[in-house]
Amino acid sequence: MTESLTPDITWRAATNNVSYELYRCEADINGTCDASSGTQIQKSDVRSYTEGTTPAAGKKWCYGVRGLNSVGVQSGFTSTFCGNPPKPDAPNDFRVTDTYSPRVTWDEVNNPGADTYKLYRCETAANAGSCNPTTVVQNTSSTSYQESSGPGADKRFCYSVTAVAGGVESDFSATDCGAEAFQPDTPDNFRVSDEIRPNIKWKKVDGASYELWRCQATGSNGTCTPTAGQFGSTLAYSGDNRDINEVNFPSPGLRYCYRVRSVVGSLTSGYSSVECGEANPPAAPANFRVSNQVRPTVTWDIVTAGSTNATYELYRCRTENNSCNP
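Structural notes, computed from the coordinates. Because the structure is predicted, anything quoted here is derived from the model rather than measured. (Residues numbered from 1 in each chain as written. Predicted model: local features only at pLDDT ≥ 70, side-chain atom pairs only at ≥ 80, totals over all residues. Heavy atoms only, no water.)

To continue, consider the overall build of the chain. When helices and strands are tallied, the chain shows zero helices and 26 strands. Based on the C-alpha atoms only, the size of the chain along its principal axes is roughly 145 × 45 × 25 Å. Per-residue burial over the chain gives 37% buried out of 326 residues. The contacts of the chain with a sequence gap of at least 6 include a subset with a gap of at least 24, amounting to 63%. Carbon and sulfur atoms form 44% of the exposed surface of the chain, whose accessible area is close to 18,600 Å². Averaging the positions of the 28 positive and the 35 negative side-chain charges in the chain gives two centres separated by 6 Å. (Helix = DSSP H or I, 4+ residues; strand = E, 2+ residues; numbered from the N terminus. Buried < 20%, exposed > 50% of the residue type's maximum accessible area, 1.4 Å probe, protein only. Contact = heavy atoms within 4.5 Å. Areas by Shrake-Rupley, 256 points an atom, 1.4 Å probe, with all protein chains shown as cover. Lys, Arg positive; Asp, Glu negative; His and termini not counted. Charge placed at Lys NZ, Arg CZ, Asp CG, Glu CD.)

Written out as structure tokens, the structure is:
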């Protein structure tokens, strides 16, 4: 029987058989069925058959034959044999770029034409050689794949691909690997200008982007430690720039403090030192009142600086006129 979904079938003559009954059943593409329970599709002394009907999508035909002697006595059935589609060739020219989040490409398969390609991936230690890819990361008709994540620190991704035609999967291609992922260095020379809305700079880390984190500290000498995921910390900037101008004002009586870390794929460096800008002056006390007495009572509204109440300096002058400049 030829390797096809519409096969040519032949069989040898058996002693005393004068005719033959050919039966057919339909099975899943990777399964089988019992042809003796199927449908008779030919009864003849001819010992061949050419299938003219294509099975349903994802299915295949399976067949069995039995003989009849001159008085019509039937033999047993042969074993069931199926019209399997031909296995496609494994993809050639399989290439993985030498990066931690690589691009993977391969040649189209045309013998027979592939319906889809299954790309498999595994992760291995950088110094452990390749691994056996078993996890499917893509199953489409595309002949390329761009890795969207990165492996763990000091690890790398390895890949292999198969072609699928008519539900039949080819052998694996060669295995190829990307570069190891490395934990990036912490940015050096981190500087924050002494301004309410400061300028922030740091030294370049090759191959990295950056996260600049910010928090608010109380007073001109207060400090805080901005940390990713921590309440009160804000991601002030994310990207490749290393010369950032703050566009926001800290709350009155507070100042911004910053630190930066570098990012490569899914890996981040440690944080830089914490550096702070200048405090935003607190608001002037509102509703300032002096009672009309020789020894007056002086009052004003509370001023807060973040979660802390401000302290106050009260100035006084003496005049014989209506006013003076305390």
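Linking two cysteines covalently through their sulfur atoms gives a disulfide. Scanning the model with the defined rule gives seven disulfides in all. Disulfide partner of Cys122: Cys131, at an S-S distance of 1.9 Å. With the S-S dihedral at roughly 95°, the linkage between Cys122 and Cys131 falls on the right-handed side. Of the two residues examined, Cys122 and Cys131, each falls in the buried class. (Disulfide = S-S within 2.5 Å.)

A word on a nonpolar patch on the surface. There is a patch of nonpolar side chains on the surface, built from Phe288, Val290 and Leu314 and spanning about 310 Å² of accessible area. In this structure, Val290 sits in strand β23 (residues 289-290). (Patch = residues over 30% accessible without salt bridge, like charges linked within 9 Å, V, L, I, M, F, W, Y side chains within 5 Å. Salt bridge = Lys/Arg side-chain N within 4 Å of Asp/Glu carboxyl O.)

The subject of this paragraph is the pattern of salt bridges. Applying the stated criterion to the full structure yields 13 salt bridges. Taking the shortest distance from any N to any O, the salt bridge between Arg66 and Glu21 comes out at 2.6 Å. One end of the pair, Arg66, is in strand β5 (residues 59-68); the other, Glu21, is in strand β2 (residues 19-28), with 45 residues separating them in the sequence. One exposure class covers both Arg66 and Glu21, and it is buried. Between Glu211 and Arg261 there is a salt bridge, with the nearest N and O atoms lying 2.8 Å from each other. Separated by 50 residues along the polypeptide, Glu211 in strand β17 (residues 209-218) and Arg261 in strand β20 (residues 254-264) bring together distant segments of the chain.

Once that is clear, we can look at the environment of Thr186. Inspection of the secondary structure assignment puts Thr186 in the loop between β14 (176-177) and β15 (191-192). Remark: the alpha-carbon pair of Thr186 and Thr311, spanning 125 residues in sequence, is separated by 39 Å. Apart from residues no more than four positions distant in its own chain, Thr186 is found in contact with Val205, Ser262, Ser269, Gly270, Tyr271 and Ser272. For Thr186, the side chain forms a polar contact with the main-chain oxygen of Gly270, separated by 3.2 Å. (Polar contact = N/O pair within 3.5 Å; in protein donor to acceptor, adjacent residues only side chain to side chain.)

The next point concerns the packing of aromatic side chains. Applying the stated criterion across every chain, the model contains 13 aromatic pairs. Ring plane angle 40° and centroid distance 6.3 Å describe the contact between Phe94 and Trp106, whose orientation is recorded as tilted. With a gap of 12 residues between them, Phe94 in the loop between β6 (81-82) and β7 (95-96) and Trp106 in the loop between β8 (103-105) and β9 (116-125) connect regions that are remote in the sequence. The same class applies to Phe94 as to Trp106, namely buried. Between Trp202 and Tyr210, the aromatic rings sit 5.4 Å apart at their centres with planes inclined by 65°, giving edge-to-face as the arrangement. A relative accessible area of 2% places Trp202 in the buried class. Residue Tyr210 is classed as buried on the basis of its relative accessible area, which comes to 2%. (Phe/Tyr/Trp six-rings, centres within 6.5 Å; stacked < 30°, edge-to-face > 60°.)

For the rest of this paragraph, the subject is the environment of Pro85. Summarising the element assignment, Pro85 is placed in the loop between β6 and β7. Note on Pro85: relative accessible area 7%, which makes it buried. It is 10.0 Å that separates the C-alpha atoms of Pro85 and Lys59, two residues lying 26 residues apart in sequence. Leaving out residues up to four positions away in the same chain, Pro85 has contacts with Glu3, Ser4, Leu5, Ile29, Gly166 and Val168.

Attention now goes to unusual backbone geometry. A positive phi angle, close to 50°, is found at Asp93, a residue other than glycine. Summarising the element assignment, Asp93 is placed in the loop between β6 and β7. Phi at Asn189 is positive, roughly 55°, even though this residue is not glycine. Position of Asn189 relative to the elements: it lies in the loop between β14 and β15.

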